[in-house]
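The chain contents come next:
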Protein chains: 2
Amino acid sequence: MKKYNWAILGCGKIAGKFSSDLKLLKNANLYAAASRSLERAKSFAEEHGYEKAYGSYLELVQDPDVDVVYIATPHSHHMEHSILCLDHKKAVLCEKALALNAKEVEAMIESSRKNKTFLMEAFWTIFQPKFKKVLELASDPELGQLKFVKSDFMFNPEVDPDKRLYNIELGAGSLLDIGIYPIFRSLVLLGKPTAIKTMPRLLNSGVEESIFMLFDYENGSMAALTSSFA
Amino acid sequence: MKKYNWAILGCGKIAGKFSSDLKLLKNANLYAAASRSLERAKSFAEEHGYEKAYGSYLELVQDPDVDVVYIATPHSHHMEHSILCLDHKKAVLCEKALALNAKEVEAMIESSRKNKTFLMEAFWTIFQPKFKKVLELASDPELGQLKFVKSDFMFNPEVDPDKRLYNIELGAGSLLDIGIYPIFRSLVLLGKPTAIKTMPRLLNSGVEESIFMLFDYENGSMAALTSSFA
């Protein structure tokens, strides 16, 4: 079995969780970790069992032995870091949300096509056995048309204006962090909506703390989706 | 203890359920039932133990012994029947929804004031011990601000274009029949919203089968409400 050399770009909390799971794959070799701080990369590599540690992302992608890079930096940097990897012919698994907006995502897809290099959003829901079962049930003609999708994702994180979830410079807000899960469910189950209405709740900082979303579908189906840090 | 003579105006299914509960009140006398059909009124009066039966609503309100009338006709007739009772100085408990729109409700309130006669919407949720407990919790300052109200009411009635729920002439639609419960909860818990967005699902007949509602509040609270027959 061919073993792939995995690298981690960005050594935060989710990168740690991802590494624990990566160890379960027989064809994955935990090869390198990179952070803007070499010290942080070394400590992460040691904790999770990576062979190498880099103090810059450029060094990481210049290592010819890296096969796949998992991007674990904040949303605000997903485009830049994914394209850096793709331009160095590294396959990319980018943490969700893939980027801040459609324009950035299009640039990433363009880079993937140009470089003929693998790009994927790490959207795990689709692989959950429970969700697969839901899809199976939803497509059973005997159960009739799926009329509603109701999906909520809320949690109550610590309010820290410097951290990712509340720092607008790092792609803050509930929508990009957790709102994409309910949206994803609706997209997969019902397709692309014909009309959308939303009601966001913005903090004084401009950060979107909560958002309520209504999706309307031509065939008569509807979706009511929410996400919130409140 | 003074006993009040109760009358039922409209002898449908809910009127029957209401009568069963009315029997539990020590100060209530099940006095008269009226329907457009004398036969129906007689059969209802016999089944539920009312002393008298009337084949017209006018006869009912002209009976000087009637103290209180419970209006159990479709929404489309609540205004007409309530005002008929109020004009004959009968206290009115009108089944929800009180009427089809604010204009009708205003006319009813005006009639109640003019006649100095009691008018009340039969909105029972407020009297539920569980809901009282919710109100108590919601107003506990130690629990902080109530940020969200999420409330749904959905059921799947038989689709019959002649019957109340699907007949636009009789005030059809999920909003008036069940949507008012989630709305009520939001109004009582959070007050009057500063902005509302809705997404109704209309059938070809023009009947509103489902409606999703988002309420926004100045103080940062929000409500996501749904009702549906789908």
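Residues numbered from 1 in each chain as written. Chains lettered and ligands numbered in written order. Predicted model: local features only at pLDDT ≥ 70, side-chain atom pairs only at ≥ 80, totals over all residues. Heavy atoms only, no water.

Chain A has the name Trans-1,2-dihydrobenzene-1,2-diol dehydrogenase in an unreviewed UniProt entry, where Cyprideis torosa is given as its organism.

### Focus on the relation of the copies chain B and chain A
The two copies are related by a screw motion: chain B maps onto chain A through a turn of 180° and a shift of 0.0 Å along the axis, at an RMSD of 0.0 Å. Such values leave the two copies arranged in the relation of a two-fold axis. Distance from the rotation axis, computed per C-alpha, reaches its smallest value in chain B at K197 of chain B: 3.7 Å. The residues that chain B uses at the interface reappear at the interface of chain A in 100% of cases, marking a shared surface. (Least-squares fit on C-alpha atoms with pLDDT ≥ 70 in both. Contact = heavy atoms within 4.5 Å.)

### Some details on empty space enclosed by the protein
Empty pockets left among the atoms are what a rolling probe the size of a water molecule brings to light. Scanning the entire structure with this criterion turns up 1 cavity of 30 Å³ or more. Considering only enclosed or pocket space, the largest cavity measures out at about 60 Å³ in volume. In terms of lining, the largest cavity is formed by 14 residues, of which the most central are K150, A224 and T226 of chain A together with K150 and A224 of chain B. Elements with a minimum of two residues in the lining of the largest cavity: strand 7 (148-154), strand 9 (208-216) and strand 10 (222-228) of chain A together with strand 7 (148-154), strand 9 (208-216) and strand 10 (222-228) of chain B. A per-class count over the lining of the largest cavity returns 8 nonpolar, 2 polar and 4 charged. (1 Å grid on protein atoms, 1.4 Å probe; cavity = no way out; pocket = protein on both sides within 12 Å on 5 of 7 lines; lining within 4 Å. Points joined across faces, edges and corners; volume = space filled by probe spheres on them. Helix = DSSP H or I, 4+ residues; strand = E, 2+ residues; numbered from the N terminus. Nonpolar A, V, L, I, M, F, W, Y, C, P; charged D, E, K, R; others polar.)

### As for the pairing of strand 6 (residues 119-122) of chain A
All names here are of chain A. In this structure, strand 5 (residues 91-95) lies alongside strand 6, joined through 4 bridges in parallel fashion. Paired with L93 across the bridge in strand 6 is M120. Regarding topology, helix 5 (residues 102-115) serves as the crossover connection from strand 5 to the parallel strand 6, and that connection is right-handed. (Pairing = 2+ DSSP bridges. Right-handed = clockwise from strand over helix to strand, strands pointing away.)

### Here's the deal with the pattern of salt bridges
Evaluation of the coordinates by the stated rule reveals 13 salt bridges over all chains. Between K114 of chain A and D87 of chain A there is a salt bridge; the shortest N-O distance is 3.7 Å. Taken together, the positions of K114 of chain A in helix 5 and D87 of chain A in helix 4 (residues 78-87) put the pair 27 residues apart, joining distant regions of the chain. On the accessibility criterion, K114 of chain A (55% relative accessible area) is exposed. We classify D87 of chain A as partly exposed; its relative accessible area is 37%. The salt bridge partner of K147 of chain B is E209 of chain A, with a shortest N-O separation of 3.9 Å. Of this pair, K147 of chain B sits in the loop between helix 6 (129-138) and strand 7 while E209 of chain A sits in strand 9, on two different chains. A relative accessible area of 8% places E209 of chain A in the buried class. (Salt bridge = Lys/Arg side-chain N within 4 Å of Asp/Glu carboxyl O. Buried < 20%, exposed > 50% of the residue type's maximum accessible area, 1.4 Å probe, protein only.)

### Details of the environment of F153 of chain A
All names here are of chain A. Its location among the elements puts F153 in strand 7. A sequence separation of 47 residues divides F153 from E106, and the C-alpha atoms of the two residues are 26 Å apart. Filtering out sequence-adjacent residues up to four positions away, F153 remains in contact with I178, Y181, P182, T226, S227 and S228.

### Some details on the interface of chain B and chain A
Listed by partner, the interface residues are 27 residues for chain B and 27 residues for chain A. Across the chain B to chain A interface the summed buried area is about 2,200 Å²; carbon plus sulfur atoms make up 71%. It is M199, R201 and F212 of chain B that lose the most area in chain B upon contact with chain A, and together they represent 30% of the buried surface on that side. At the junction of chain B with chain A, the criterion picks out 6 salt bridges. When the shortest N-O distance is used, the salt bridge between D216 of chain A and R201 of chain B registers 2.5 Å. Where chain B meets chain A, there are 10 residue pairs in polar contact (both at pLDDT 80 or more). Ranked by residues supplied to the side of chain B that touches chain A, first place goes to strand 8 (residues 195-202) of chain B with 7 residues. (Buried area = accessible area lost by both parts, 1.4 Å probe. Polar contact = N/O pair within 3.5 Å; in protein donor to acceptor, adjacent residues only side chain to side chain.)

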